Each structure stands twice: as C-alpha cells, then as structure tokens.
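# Observations on the three-dimensional arrangement
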Amino acid sequence: MTDSLILRLPESEAHDAVWVVFDGAAQRPGTPQGGPLSLAAPIAAGKRVIVLVPGVEVLLAEPELPVRGSAKLAQLVPFALEEQLASDVESMHFALGKRAAIGTGTPVAAVPRERMDNWIAMLAQAQLSPQAIYADSAAVPSNPGQSVLLIEGDRLYVRHPGQLPMVLDAQPLTEALELAGLFTEGTPRSAIAYLSQSDWHSHQSTFEAIRNRLESLKVQLLPYGALPLLANEVMAHPPTNLMQGVYAPRSEAGNAWRTWRVAAILLAALVGLNLVSKGIDLWRYGKQERAL
C-alpha cells in the first residue's frame, strides 16, 4: 500500500502546518513534523497527499435527500442546508459523501468557496497536489458507547455516538461541555478525552470536578499531538472529500496525457504526412501504368 502524507493546515496563516507520513505497509503514522508548507513538498514525493483543514470553517450535516436521482442531489443540497448556513448559498461549495445505510441522511460538507480557493492556492504555491481534503473535525474518531472529546488549546471537538462531530470554543471548558450536551439526559454518561500534556495541566481541575457527573471518564494523553489520532481515523474511515466538482483532483491519466500531448500530436502529424505521401505515390504509379 502506498504511503500517504497527511498534512493539517492551521486556522491562521501565522501558525505553521503539521504533517505526518502514514506508513501504508505498517498501517500506522510516524512522528509528526511541522513548519512552512514548503518543507512538506519534498516529503510528498511519491506519496498520496491528504489535507486536513480547520473544522471550524466547514459545516457538516446529514440532510434527508432522495435516494434516487443522485445526479441531481448536488442541486438539492443548497436548499436543504439553507437555514443552517450563515453565508449565501451561492458563495458556498458543497461536497457529498456516501450514505451509510438506507434511512440515514446523506453526509454533506459545506465550506465557503473563498476559503477553499485560499487553501488550494496555498498548497499549489508550496507545490503540493492533494488527492483529498477533509475537515479535521470529521476525523475525530467515533465510539459507539462513549462521547469522544478532543481538546487542543482553545478548541474543543466533541463527537457523541451516532452523531456528527462539533467544534466549540474550549474556554471555559465546563460551559463548553454543557453546550456540547455531554451532561444532557439521554446522552451517554461515559466519555473519553484526548489532549496533550500541557492541555491536561490546564484542564485537570475541570476534569476532576466533572467526574461525578459521568459514569466514567477516561483521559488519554497525546504525546505527539492530535494529528496521529486524526490520521488513523481518516485512513480507516475516510470522511467526505471536499475535492469535488471544480475542485476534483486531476486524474493521473489526464496528467499523463497533458505531458505527452505535444509528442502525440507530432506523431499523428508524421503518420498523416506519411499516409498522404504513400497515397500520392500510388496515384502516380497508377497513372504511369495506365499510360503504358
């Protein structure tokens, strides 16, 4: 299996990107690295490039859409999500995922076209050609019996069983967890929290205070940050790819044709001239034969 470079873009261009190489043979990510995107370009050579963009910029939804007529689904999505969007639907890019089962909604990811254009331009400037772009929130792992929490600085990612992930401001953490519905009646009373050592020091007292409000709370520290956790999830369960429509990646066949197009045209012209020359010779020989 081909190795993949999984690259995560920051929310602000003032911060560096982080990336990790996912070993296709060993089925595991290596040690993450970070820095300007230009440093990731040499590492991407010969690898499949997967990009994670800030989930706070992407709306994830599962509207009820017709099962049939999939060709027209893209036309229905803007109307199905119009009430959930703060921006004009005309300024949004919509990507559709695969329906998990009959009776469930169709996964949809929506992002402003301006942001999508900025990401594509930023990657192109660094000579990176991604095959897939996912919202990082969609890469938060799901757990059938527990709510999954991921804390990164000022961001809180929450994914309840069978529900879409959400991104909130983590300050103050207790209020953010309340808003996320962690303590709401009817939701699982168990949770697993992923966070770095520094974030654990910042929120340890909060976690100790909420333990008595949950049946169980497991804390797992991330020595290399969240990227290895997200990388494992996107490789095992790829979410909705934003690279659809006008943003769809060019196929290798198309790239090969563009590379060899000039040579192919010259070859075709040479063959055509040769055929014309042969035709003229046959006509001349025929004329001479009739004269004799």
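Quantities reported herein were computed from a predicted structural model and do not represent experimental measurements.

Of regular secondary structure, the protein possesses seven helices and 14 strands. Burial statistics for the protein: of 292 residues in total, 41% are counted as buried. Within the protein, residue pairs in contact and separated by at least 24 positions form 60% of the contacts whose partners lie at least 6 positions apart. Working note: accessible area of the protein is about 16700 Å², and carbon and sulfur atoms make up 54% of it.

When strand 13 (residues 190–195) meets strand 14 (residues 216–221), the two strands line up parallel, connected through six bridges. Its bridge partner being in strand 14, A193 is matched across the sheet by V219.

What follows deals with the nonpolar core. Among the nonpolar cores identified, the biggest contains 28 residues, and L7, V58, L128 and L242 are the most heavily contacted of them. At the level of elements, strand 1 (4–8), strand 2 (17–23), helix 1 (41–44), strand 5 (48–53), strand 8 (108–112), helix 3 (113–125) and strand 9 (132–135) are the ones that each hand at least two residues to this core. For L7, the residues in contact, after removing those within four places along its chain, are A17, V18, W19, L37, A40, I50, V51, L52, L123 and L128. In terms of nonpolar packing, the next biggest core, distinct from the first, is built from 22 residues, V148, I192, L227 and A231 among them.

What follows deals with helix 5 (residues 197–210). Spanning 14 residues, helix 5 covers 19 Å between terminal C-alpha atoms, matching the ideal 20 Å at 1.5 Å per step. The principal kink in helix 5, of about 60°, is found at H203. Within the sequence span of helix 5, burial applies to D199, W200, H203, T206, F207 and I210.

It is worth spelling out the sheet that holds strand 12 (residues 166–169) at this point. The mixed open sheet is built from five strands, whose spatial order is 12-11-10-13-14. In the strand order of this sheet, the two ends are held by strand 12 and strand 14, each with one partner. Across this sheet, the average inter-strand angle for adjacent strands is 20°, counted without regard to direction. In this sheet, strand 11 (residues 155–159) lies alongside strand 10 (residues 147–152) in antiparallel orientation, the contact comprising five bridges. The residue bridging L149 from the neighbouring strand is V158, located in strand 11.

A word on the sheet that holds strand 6 (residues 59–61). Taken together, three strands build an open sheet; the order of strands is 6-8-7 and the sheet is antiparallel. Both edges of this open sheet fall to strand 6 and strand 7 (92–96), since each of them pairs with a single strand only. Each strand of the sheet is rotated relative to its neighbour by a mean of 20°, with strand direction disregarded. Where strand 7 meets strand 8, five bridges bridge the pair, whose relative direction is antiparallel. The partner of M92 across the bridge, within strand 8, is P112.

The next point concerns the confidence of the model for the protein. Residue-level pLDDT values for the protein average 86, and 85% of them are 70 or greater. When pLDDT is averaged over each helix and strand of the protein, the minimum, 65, is found for helix 7 (residues 252–291) and the maximum, 98, for strand 9. Taken as a whole, residues 252–259 scores under 50 in pLDDT and shows four contacts with residues more than four places along the chain or in a different chain.

Counting through the fold element by element, N241 comes out in the loop between helix 6 (227–236) and helix 7. A polar contact is formed between the side chain of N241 and the backbone oxygen of Q131, at a distance of 3.4 Å. A polar side-chain atom of N241 sits 3.0 Å from the main-chain amide nitrogen of M243. Leave out the neighbours within four places in its chain, and N241 touches A95, Q131, A132, I133 and Y134.

In the case of a regular strand, side chains alternate between the two sheet surfaces. Burial within strand 13 is extensive, with six of its six residues counted as buried. Residue alternation in strand 13 divides its side chains into two sets, S190, I192 and Y194 and A191, A193 and L195, and both sets are buried. Sheet topology places strand 10 next to strand 13; five bridges connect them, and they run parallel. Of the residues in strand 13, the one forming a bridge with L149 is A193. Of the crossover connections in this fold, the one passing from strand 13 over helix 5 to the parallel strand 14 is right-handed.

Here is what the cut-offs are and how they apply
Once a new chain begins, its residue numbering starts again from 1 and follows that chain's sequence as written. For a predicted model such as this one, the threshold for reporting local features is a pLDDT of at least 70, and the threshold for listing and counting side-chain atom pairs is 80 or more; totals across whole chains, interfaces and linings nevertheless cover every residue. Only hydrogens and water are set aside; all other atoms, that is, all heavy atoms of the structure, feed into the side-chain values. Elements are defined by DSSP. Helices are runs of H or I of four residues or more, strands are runs of E of two residues or more, and each kind is numbered from the N terminus. Only protein chains enter the calculation, and the probe is 1.4 Å; a residue is then buried if its accessible area is under 20% of its type maximum, exposed if over 50%, and partly exposed in between. A contact between two residues is defined here by any heavy atoms of the two lying within 4.5 Å. Methods summary: accessible areas were calculated by the Shrake-Rupley approach with a probe of 1.4 Å, and residue burial reflects only the protein chains presented. Here a strand pair is declared whenever DSSP counts at least two bridges between the two strands. We call a set of buried residues a nonpolar core when its members are Ala, Val, Leu, Ile, Met, Phe, Trp, Tyr or Cys and they connect through side-chain atoms within 4.5 Å of each other. The span one expects for a helix is its residue count, reduced by one, times 1.5 Å. Here the bend at a residue is taken as the angle between two axes, fitted respectively to the seven residues that end there and the seven that start there. Angles run from 0 to 180 degrees between N-to-C directions of axes, and those axes are lines fitted to C-alpha atoms, restricted for helices to the stretch in contact. Confidence of the prediction at every residue is given by pLDDT, a number between 0 and 100. Within 3.5 Å is the distance limit for a polar contact, defined as a pair of N or O atoms, with the added protein rule that one can donate a hydrogen and the other accept it, and that residues adjacent in sequence qualify only through two side-chain atoms. Crossovers are marked right-handed if the path from the first strand over the helix to the second runs clockwise, as seen with the strands pointing away from the viewer.

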